[in-house]
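Fold and contact review
Residues per chain are reported as follows:
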Amino acid sequence: MQRMTMQDTVPALSKPLVLVVEDEPALATMLRYNLEKQGFRVDEAADGQEALARIAEAPPDLVLLDWMLPALSGIEVCRQIRRRSASRDLPVIMVTARTEDQDAVRGLNTGADDYITKPFNMEALLARMRALLRRANSVPTKGRLEFHDLSMDLATHRVQRNGRALHLGPTEFRLLEYFMQHPRRVFAREELLDAVWGRDIHVEPRTVDVHIRRLRKSINGEGELDVVRTVRAAGYALDTEGA
Ligand code: CA
């Protein structure tokens, strides 16, 4: 199955990332082809478990969720998306082959924002997707930063990793905020001092190391990936690779 690498999903902002959760390869391929043609980036998952893993790894802007999936149903996937704080507001369109209204209503009750019935017209799907994305962008979700399984609410200062609340000191919070604004970019200690501590404050570059250590301790739980990468002779980056 075709999958995007983490690198491909980095320059977010410009093109919305759509996760297509579909167990029929032909339909998944058709969706990818049409969505990419319309300027979306596309990620795929062939079952519910994979969908939840992809959402945690590379949070999409919208999910097209097939109702009938092997093992974990689309409804259950939707419930779990809503249960996790990092994906609570993620726009979900349920794709269903069933035509019974009851089923559609049940789909929406589990938290799907909209649904479309197979076979569907691509234009109709695109219109719904765009409407949903507009709505999602108009509410102040801009106050939230996300990277990998980390999420930061800038209004409430709540930071979570994989749904678990993290407790950061003020400096670690600002460090993480800066990293999350520039994921994967490598910063020299001096750059971090300027950005986080301020240009006018004289602090030894070694101080950065101390706070990086504290940050790691706060955000990396038992058995979790170290998302702070040390780049020898260069500095630090928020990265999921090469920690
Ligand atoms: Ca299916």
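Residues numbered from 1 in each chain as written. Predicted model: local features only at pLDDT ≥ 70, side-chain atom pairs only at ≥ 80, totals over all residues. Heavy atoms only, no water.

Looking now at the nonpolar core. By size, the foremost hydrophobic cluster in this structure holds 26 residues, and its most contacted members are Leu 176 and Phe 179. Elements with a minimum of two residues in this core: β6 (144-147), β7 (150-153), α7 (170-181), α8 (189-197), α9 (205-219) and β11 (235-238). If you tally residues by element for this core, the top one is α7, at 6 residues. Excluding residues that lie within four positions of it along the chain, Leu 176 makes contacts with Leu 150, Met 152, Val 159, Leu 168, Leu 215, Ile 219 and Leu 238. (Core = buried A, V, L, I, M, F, W, Y, C linked by side-chain atoms within 4.5 Å. Buried < 20%, exposed > 50% of the residue type's maximum accessible area, 1.4 Å probe, protein only. Helix = DSSP H or I, 4+ residues; strand = E, 2+ residues; numbered from the N terminus. Contact = heavy atoms within 4.5 Å.)

Each protein donor to the calcium ion is listed here as Asp 23 (OD), Asp 66 (OD) and Met 68 (O); together their distances run 2.1 to 2.3 Å. Written as a sequence motif, the donor residues of the calcium ion are D-x42-D-x1-M. Accessibility expressed as a relative area gives 47% for Met 68, which makes it partly exposed. (Donors = N, O, S within 2.8 Å, 3.2 Å for Na, K, Ca; no water.)

Another aspect to go through is the pairing of β7. In terms of strand pairing, β6 meets β7 through 4 bridges, oriented antiparallel. When the bridges of β7 are listed, Glu 146 appears paired with Ser 151. In this antiparallel pair of consecutive strands, β6 and β7, the connection spans 2 residues, and His 148 shows a positive phi of 50 degrees. The antiparallel hairpin formed by β7 and strand β8 (residues 158-161) contains 4 residues in its connecting segment, where His 157 sits at a positive phi of about 65 degrees. (Pairing = 2+ DSSP bridges.)

Once that is clear, we can look at the sheet that holds strand β3 (residues 62-66). Within the open sheet, the 5 strands sit side by side as β2-β1-β3-β4-β5. Their pairing is parallel. Every other strand in the sheet has two partners, leaving β2 (41-45) and β5 (114-117) as the edge strands with one partner each. The sheet shows a mean angle of 20 degrees between the axes of neighbouring strands, direction not considered. Pairing analysis gives 4 bridges linking β3 to strand β4 (residues 92-96), with the strands arranged parallel. Bridging across to β4, Leu 65 finds its partner in Met 94. Relative to the sheet, helix α2 (residues 25-37) contacts β1 (17-21), β2 and β3, its axis offset from that of β2 by approximately 165 degrees. Contacts from helix α4 (residues 74-83) reach β3 and β4 within the one sheet, and its direction differs from that of β4 by about 175 degrees. (Axes fitted to C-alpha atoms, helices over the stretch in contact; angles between N-to-C directions.)

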